[in-house]
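So the chains spell out like this:
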Amino acid sequence: MKMHTLEVKQRTAGKANALRRDGFVPGIVYGPSIESTPIAIARKDLQVLFSEITRSSRINLSIAGENGAQEMDVFLKVVDYDPVTDEPKHVDFYHPDVGHPLKLHVPVKVTGEAPGLKAGGILNVLFNTVRVHGLPKDVPHLITIDVSDLDLGDSIYVRDVDFGDVEPMLPPERTLVTVIAPRGAEIEEEEVELEEVELEEGEEIEGEEGAAAEEGAEAAGEEETAAEGE
């Protein structure tokens, strides 16, 4: 798994607006085994990083400070965006304990072309991320699901996906991706079934009415015969 490196510098708390004017984004690094450290990231470096990672990517953070550079593995935790410019205003990075498992949402990436789509089906992705539990070094960058074998009505379940050394926090029978028939096709099928049922019921009713008519005719004939005999 590729590690992404981001070089930042340690900063003193405050003066965030001045940093932004100089082309930097203020941030912070924290975790259970380290003290919170304010940092400043070059905006252009952060934009490059965002184009290459997901929320579950491990990042090698190199922090330049007065006592030299310090490196640590981190995950992107929180990004605050400016509501007007949509530029990142502040970034939080989380440094986990190396030997302790954690829980993270991993993005789902669907690959391939499902044959069911050519038959008019609709690809329904039920989960854009899957929460997993495992050691930081084992958390995947993406969960890739190949739909090349899915026909109409087929599905891929949690149990069908290889999660490597992490454990998905969803039951094995949970559906992740499915190919469903178009709504119009479902309605047409239902109408055909209803017509068949109505036709069958109609035939049964006609049969009962015919039998009743025959019984009535026989009874009338018997009455006429009896009257003639009298």
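Every chain's residues receive numbers from 1 upward, in the order its sequence appears when written. Two thresholds apply to this predicted model, a pLDDT of at least 70 for residue-level local features and 80 or more for giving and counting side-chain atom pairs, whereas whole-chain, interface and lining totals are computed over all residues. As a rule here, side-chain values cover all heavy atoms of the structure and leave hydrogens and water aside.

(A) Seen up close, the sheet that holds strand E8 (residues 122-125). Strands qualify as paired when DSSP identifies two bridges or more between them. Strands are runs of DSSP state E lasting at least 2 residues, helices are runs of H or I lasting at least 4, and numbering of each runs from the N terminus. Taken in spatial order, the three strands of this open sheet run E8-E13-E11, and their pairing is antiparallel. Looking at the sheet topology across the chains shown, the edges are occupied by E8 and strand E11 (155-157). Adjacent strand axes in the sheet meet at a mean angle of 10° when their direction is disregarded. Sheet topology places E11 next to strand E13 (residues 175-180); three bridges connect them, and they run antiparallel. If you follow Ile156 over to E13, its bridge partner there is Val177. Inter-axis angles, ranging from 0 to 180 degrees, are taken between N-to-C directions of lines fitted to C-alpha atoms, where helices are fitted over the stretch in contact.

(B) Inspection of the pairing of strand E4 (residues 58-65) at higher detail. Only protein chains enter the calculation, and the probe is 1.4 Å; a residue is then buried if its accessible area is under 20% of its type maximum, exposed if over 50%, and partly exposed in between. Burial runs high along E4: six of the eight residues are buried. One ladder, built from six bridges, connects strand E1 (residues 4-10) with E4; its direction is parallel. Paired with Leu6 across the two strands is Leu61, which belongs to E4. In the sheet, E4 pairs with strand E5 (residues 68-81) via eight bridges, with the strands oriented antiparallel. Paired with Leu61 across the strands is Met72, a residue of E5.

(C) Layout of the sheet that holds E5. On the basis of which strands lie adjacent, the closed barrel formed by six strands has the order E1-E3-E2-E6-E5-E4 and mixed pairing. Here the average twist between neighbouring strands, direction ignored, is 45°. Any pair of residues with heavy atoms lying within 4.5 Å of one another is described as a contacting pair. Sheet strands touched by helix H2 (residues 43-50): E1, strand E2 (24-31), strand E3 (34-42), E4, E5 and strand E6 (88-94). Its angle to E3, the strand with the most contacts, is close to 100°.

(D) Region of the structure containing the packing of aromatic side chains. By convention, a stacked pair of Phe, Tyr or Trp rings (six-membered ring in the case of Trp) has centres within 6.5 Å and planes under 30 degrees apart, an edge-to-face pair has planes over 60 apart, and any other such pair is tilted. Summed over the entire model, instances satisfying the criterion amount to one aromatic pair. Ring geometry for Tyr30 and Tyr94: centres 6.2 Å apart, planes at 70°, overall edge-to-face. Here Tyr30, found in strand E2, pairs with Tyr94, found in strand E6; they are 64 residues apart in sequence, far enough to count as distant. Residue class for Tyr30 comes out partly exposed when judged on its relative accessible area of 23%. A ring has a charge above it when a Lys NZ or an Arg CZ is no more than 6 Å from the ring centre and no more than 35 degrees off the ring normal. Between Lys9 and the ring centre of Phe24, over which it is positioned, the NZ or CZ distance is 4.3 Å.

(E) View of the environment of Gly14. With respect to the helices, strands and loops of the structure, Gly14 is situated in the loop between E1 and helix H1 (16-21). Separated by 24 residues in sequence, Gly14 and Pro38 have C-alpha atoms that sit 9.2 Å apart.

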